[in-house]
Amino acid sequence: QILYSQDQDYPFRNAPNIIKYKRELVELRNWIVALELSFASGKYSILDTLNPRDFGARPPYVDESIVSFWELFSNLDEIAKKWFAHLVSFLLREIHSGRTGMFARPEDNGFAALWNDNLESDYIINNATLDNEKSDFIRFHLGFSYDNENNITALRRGDYVVLWPVGKEYGFEKGSLIKGSIREEAPGYLKISLRNKLTQLDVFEIEYWVIARDYSDALNKRTIPLIYESLKSHKLNIMLGTTKSNYTRSRKYFQDELSKNQNDVYSRAINASDYFMVQGPPGTGKTSYLLKNLLKYYYENQGNTILLCANTNRAVDEICSSIEKVIAKEDYIRLGTKESGEITHRILPNLISEHGMREVFSFLKKTRIIVSTVSSLTVNPEIFDIKDFNIVIVDEAAQITEAHIIGIVSKCDKFIMIGDEKQLPAVVSQDAKYLECDDESLNNIGLQNYSSSLFERLIMLEKNRGESNHFGMLTHQARMHNEIMKLSNELFYENKLELFDEEVQTRNLTNNEKRVHFINSPTEIHSKTNHWQSEKIFSLVETLLSEENPANQIGVITPFRKQVALIKNKLSKIPASNEILVDTVERFQGAERNIIIISMPINYENMLAGSQSVLEIGGVSVDRKLNVAITRAREKLFILGNKKVLSNSLIWKKLINLIEN
């Protein structure tokens, strides 16, 4: 029988076991998948068949959807139609890259890695031991130990995983998969939070388990309807760039704690009618100062309802900290799961657990500030039915593809984006050859690459028009010492960055020691690891700690997860190692430390491209990963790598020359 939960009178319907019907269902499923793959491959003619007049027989419950889609789509101009088709096609490729690896990079099999990869994969831990003493079976937080000497894994905190018991009668092919996410991570140990809190406990009587990386396509699936919704926005042509937005320099706004440059950008952002982009290079106070003061202005004026969002939970934590410096801690709600981020007291599910659904829903309708990651907004679009937002402020805007943000900003009267196109881009799973847009009319509105952000495209459009009304750059940085700032300033920012406090940021060390060091290291036969560098980092950290540098002010950055695991294993012998942040550059954006050590385990020239993210911006070649890595340091910077191999990159060659000369 099939349960129709909406039918109160006859919820159960008889479903006879007829082979013919099963074959028809499989054929229908295959036809749907074929249409998806056709659209993902750039064949958009199916859109022209959705005319209700030519659609053919259809059940009445889909009729309204077909008619409303056609009425909207058929009245769009050609650029809007192409833009919609190309973005949806990009998302479908992301979905299938994750499922089967079809459009993905050659080394990435997506979810199909479960049957295409062997158990020696960097993303699979074989024979992990379930630790009952460290597991919480009430909250379904399970602890697993594994041999980290012979099993250097690329899995880390925040990753989605699947696990299954070891044994002939178990395995993913037998349907024994349990899904979760990594909550805690230490050398030789993982704590996994299960998604299904109703899992039967008897399965955990088995001692040995396999843990493998999982994939979720929920975000990309939920994004497609939001792109469709954006077609209804009265600002569609403004967001596309086919209609110019008005700008009136009506007033000067001022905040005492902001610098002259920050106040100028702050004023221009408020004066903009529809949108404004804030370019914030590292250490310029884009979140801690500018976002905080923009929030304060919009909260104190005109009774605005404000949406604040960012790409990562770490950035949303920082936004929550800024909010609580401006308004009462109880005056905002954060969307997400109970375990999202570090600041959890205002997360919606936690509030419901504490106060009950009715009381929280009443507060949700009244509150004027909502905070969320982009992914939580996408999978919970009901918030836009409950609230109308006057303004949305998007942090980390350059890290979000246009496809993933357009549906959110189109729901608000005005949007302000804060980011830096010269730092990390969005993470996508499909191969680069599928990302280039080859449609001339879309190129003319700035859509060159599907992995690029709306932030980048709107700035490019403005520059191409010879205008600068809708973007502004913060130029005074207060993080880095001058010697460190010089590197990114000369390589990537055309010397536009200035010191916020020249006296402090030009101060010499007591022994006149250099603040920036390049340590030449030998190559090894390994892929994505270098044991010599891990040993050198161990001795370097020991020296730094003996000089009374706090462990929590030392950070180690490396491009590859396996090198992260290797360094963590090595540093675990140091008592304070858990305070030292060791991670890939993607996890470091937004973070900073007094001392940064960069490990580049590039043993062969052909590994260089995988460690870089190079883009031509305004005639300057920018390695966005390298830019983020070197600008995390406040006081000292150490870089380990093989000079000969790294110098095959012109950018790295310039950097090494700057350091050595």
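Before reading on, note that the structure itself is shown above.
These numbers come from a predicted model, not from an experiment. Numbers given for residues are sequential positions, taken from 1 along each chain in its written order. Since the coordinates come from a predicted model, pLDDT governs what is reported: local features require at least 70, and pairs of side-chain atoms require 80 or more to be given and counted, while whole-chain, interface and lining totals use all residues. Note that water and hydrogens are dropped before the side-chain values are worked out from all heavy atoms of the structure.

*Asks:* So what exactly am I meant to see when it comes to the overall build of the chain here?
*Replies:* To qualify as a helix, a DSSP run of H or I must reach at least 4 residues; to qualify as a strand, a run of E must reach at least 2; elements of each kind are numbered from the N terminus. A count of helical and extended segments in the chain gives 25 helices and 24 strands. We compute the radius of gyration from the C-alpha atoms alone; for a globule the expected value is 2.2 Å times N to the 0.38, where N is the number of residues. A globule of 661 residues ought to have a C-alpha radius of gyration of about 26 Å, and the chain, at 26 Å, matches this closely. When the backbone C-alpha atoms are referred to their principal axes, the chain occupies close to 85 × 70 × 50 Å. Sorting the 661 residues of the chain into buried and exposed places 52% on the buried side. In what follows, a contact means two residues having at least one pair of non-hydrogen atoms within 4.5 Å. Considering only residue pairs separated by 6 or more positions, the chain has 71% of its internal contacts joining residues 24 or more positions apart. To sort residues, take the accessible area from a 1.4 Å probe on protein chains only and compare it with the maximum for the residue type: under 20% means buried, over 50% means exposed, and anything in between is partly exposed.

*Asks:* Looking at this model, I keep getting lost on unusual backbone geometry. Mind explaining?
*Replies:* Comment: phi is negative for the bulk of residues other than glycine, and the bulk of peptide bonds are trans. A positive phi is found at E396, a non-glycine position, where the angle reads about 55°. Summarising the element assignment, E396 is placed in the loop between β13 (389-394) and α14 (402-409). Overall, the relative accessible area of 7% leaves E396 in the buried class. The residue E494 is not glycine, and still its phi comes out positive at about 50°. Take E494: it is sitting in the loop between α17 (482-491) and β17 (498-499). Given a relative accessible area of 44%, E494 falls into the partly exposed group.

*Asks:* Sorry if this is basic, but what is going on with the sheet that holds strand β8 (residues 208-213) here?
*Replies:* Pairing between the strands of a sheet comes from backbone hydrogen bonds, and it takes one of two forms, parallel or antiparallel. Following DSSP output, two strands are said to pair if at least two bridges run between them. Taken together, the six strands give a closed barrel; going around it, the order is β3-β4-β7-β6-β5-β8, and neighbouring strands pair in antiparallel fashion. Averaged over all pairs of adjacent strands, the angle between strand axes in this sheet comes to 45°, irrespective of strand direction. In this structure, strand β5 (residues 160-165) lies alongside β8, joined through five bridges in antiparallel fashion. Opposite V161, over in β8, you have R213 as the bridge partner. Where helices are involved, their axes are fitted lines through C-alpha atoms of the stretch in contact, as for all axes, and angles between N-to-C directions lie from 0 to 180°.

*Asks:* Teacher, can you tell me more about the packing of helix α1 (residues 19-40) against helix α3 (residues 78-100) here?
*Replies:* Packed helices, taken two at a time, are described by the angle their axes make and the gap between the axes. Relative orientation of the contacting elements α1 and α3 amounts to 120°, with a least axis distance of 8 Å. If you check the angle between α1 and α3, you find them oblique. Like other packed secondary-structure pairs, α1 and α3 cross with a definite hand, here left-handed. Across the interface between the two elements, V33, E36, L37, F39 and A40 of α1 pack against A85, V88, S89, L92, R93, H96 and R99 of α3. In these notes the angle categories are as follows: under 35 degrees is roughly parallel, over 145 is roughly antiparallel, 65 to 115 is roughly perpendicular, and the rest is oblique. Note: crossing handedness is left-handed where the near helix turns anticlockwise from the far helix by less than a right angle, and right-handed where it turns clockwise.

*Asks:* Would you explain the packing of aromatic side chains in this entry?
*Replies:* How two aromatic rings sit relative to each other is given by the distance of their centres and the angle of their planes. Ring pairs shown here join Phe, Tyr and Trp side chains whose ring centres sit within 6.5 Å, with only the six-membered ring taken for Trp; geometry is labelled stacked below 30 degrees between planes, edge-to-face above 60, and tilted in between. Evaluation of the coordinates by the stated rule reveals 14 aromatic pairs. Measuring from centroid to centroid gives 6.4 Å for F69 and F84, while their planes differ by 50°, and the two rings are tilted. Of this pair, F69 sits in helix α2 (residues 60-73) while F84 sits in helix α3; the two residues are 15 residues apart in sequence, bridging distant segments of the chain. The two residues F69 and F84 agree in class, both being buried. Grouping aromatic residues by their ring pairs yields a cluster made of F69, F73, F84 and Y228. For the cation-ring pair, K134 lies above Y189, with the distance from its terminal atom to the ring centre recorded as 4.8 Å. By the criterion adopted, a ring carries a charge over it if an Arg CZ or a Lys NZ lies within 6 Å of its centre and within 35 degrees of its normal.

*Asks:* So what exactly am I meant to see when it comes to the state of the cysteines here?
*Replies:* Defined simply, a disulfide is a covalent bond joining two cysteines at their sulfur atoms. Any two cysteine sulfur atoms lying within 2.5 Å of each other are counted as a disulfide. Counting across every chain of the model gives zero disulfides. Its sulfur unpaired, C412 is 8.1 Å from the next cysteine sulfur, which belongs to C309. Residue classification places C412 among the buried residues on the basis of a relative accessible area of 1%.

*Asks:* What is the right way to read the pattern of salt bridges from this model?
*Replies:* Opposite charge on two side chains makes pairing possible when the charged atoms of those side chains draw close. Whenever a carboxyl oxygen of Asp or Glu lies within 4 Å of a side-chain nitrogen of Lys or Arg, that contact is scored as a salt bridge. The final tally for this structure, using the stated rule, is 32 salt bridges. Two residues, D159 and R561, come together in a salt bridge whose shortest N-O distance is 2.5 Å. Of this pair, D159 sits in the loop between β4 (141-145) and β5 while R561 sits in helix α20 (residues 561-571), and the two are 402 residues apart along the sequence. D159 gets classed as buried once you look at its relative accessible area, which sits at 8%. Among the charged side chains, a salt-bridge network with shared partners connects E36, R99, D217 and K221.

*Asks:* I would appreciate a short explanation of the sheet that holds strand β19 (residues 554-557) in the present structure.
*Replies:* Spatial ordering of the open sheet is given by β18-β24-β21-β19-β20, a layout of five strands whose pairing is parallel. Strands with a single pairing partner mark the edges of an open sheet, and in this sheet they are β18 (516-520) and β20 (581-583). Pairwise comparison of adjacent strand axes, ignoring direction, gives a mean angle of 15° for this sheet. Both β18 and strand β24 (residues 633-641) contribute to a ladder of five bridges, which runs parallel. Paired with V516 across the two strands is L637, which belongs to β24. Packing against the sheet, helix α25 (residues 650-660) makes contact with β18 and β24, and its axis sits at approximately 115° to β18.

*Asks:* For this particular structure, what's the right way to read the nonpolar core?
*Replies:* Among soluble globular proteins, nonpolar side chains are generally buried collectively. In this structure, W83, F84, V409 and M417 are the most contacted members of the largest nonpolar core, which totals 68 residues. When residues in this core are grouped by element, the largest group, ten residues, is from α3. When residues no more than four places from it in sequence are discounted, the contact partners of V409 are K235, M239, V392, V394, F415, M417 and L454. Here the nonpolar core consists of buried residues drawn from Ala, Val, Leu, Ile, Met, Phe, Trp, Tyr and Cys, with membership extended through side-chain atoms lying within 4.5 Å. In this structure, L497, F560, L608 and V620 belong to the second largest nonpolar core, which totals 40 residues.

*Asks:* Honestly, the pairing of strand β21 (residues 593-599) in this entry has me stumped. Any pointers?
*Replies:* Taken residue by residue, a regular strand's side chains alternate between the two faces of the sheet. Taking burial as the measure, the seven residues of β21 include six buried ones, the bulk of the element. Two elements, β19 and β21, share four bridges in a ladder whose sense is parallel. Residue pairing in the sheet places V556 in a bridge with I597 of β21. For β21 and β24, the ladder comprises six bridges, and the chain directions are parallel.

*Asks:* Even after reading the chapter, I still don't get the environment of K232, so can you show me in this structure?
*Replies:* As for its position among the elements, K232 is in the loop between α5 (218-230) and α6 (236-240). Taking relative accessible area as the criterion, K232 reaches 48% and is therefore assigned partly exposed. With 229 residues separating them along the chain, K232 and L461 place their C-alpha atoms 22 Å apart.

*Asks:* Whenever I open this one, the packing of helix α19 (residues 531-546) against α20 confuses me. Can you help?
*Replies:* Following both chains from N to C, one finds α19 and α20 inclined at 40°, their axes separated by 9 Å at the closest point. When the axes of α19 and α20 are compared, the pair comes out oblique. Taken as a pair, α19 and α20 cross one another with a handedness that is right-handed. Contact residues: H531, Q533, S534, E535, I537, F538 and V541 in α19; Q563, L566, I567, K570 and L571 in α20. Classifying every residue of the contact of α19 with α20 gives six nonpolar, four polar and two charged. Each residue is assigned to one class: nonpolar for Ala, Val, Leu, Ile, Met, Phe, Trp, Tyr, Cys and Pro, charged for Asp, Glu, Lys and Arg, and polar for all the others, Gly among them.

*Asks:* Just checking my understanding: could you explain the side chain of R632 for this structure?
*Replies:* Relative to the helices and strands, R632 is located in the loop between α23 (624-630) and β24. For R632, which is buried and forms no salt bridge, the nearest opposite charge comes from E592, at a distance of 6.2 Å. Here the side chain of R632 touches Q423 through a polar contact of 3.4 Å, side chain to side chain. Excluding residues within four positions of it along the chain, R632 makes contact with P282, Q423, R479, I557, F588, Q589, G590, A591, E592, R593 and I596. The charge count includes Lys and Arg as positive and Asp and Glu as negative, but it does not include His or the ends of the chains. Distance and chemistry together define a polar contact, namely a pair of N or O atoms within 3.5 Å, with one atom able to donate a hydrogen and the other to accept it when in protein, and with adjacent residues in sequence counting only for side-chain atoms on both sides.

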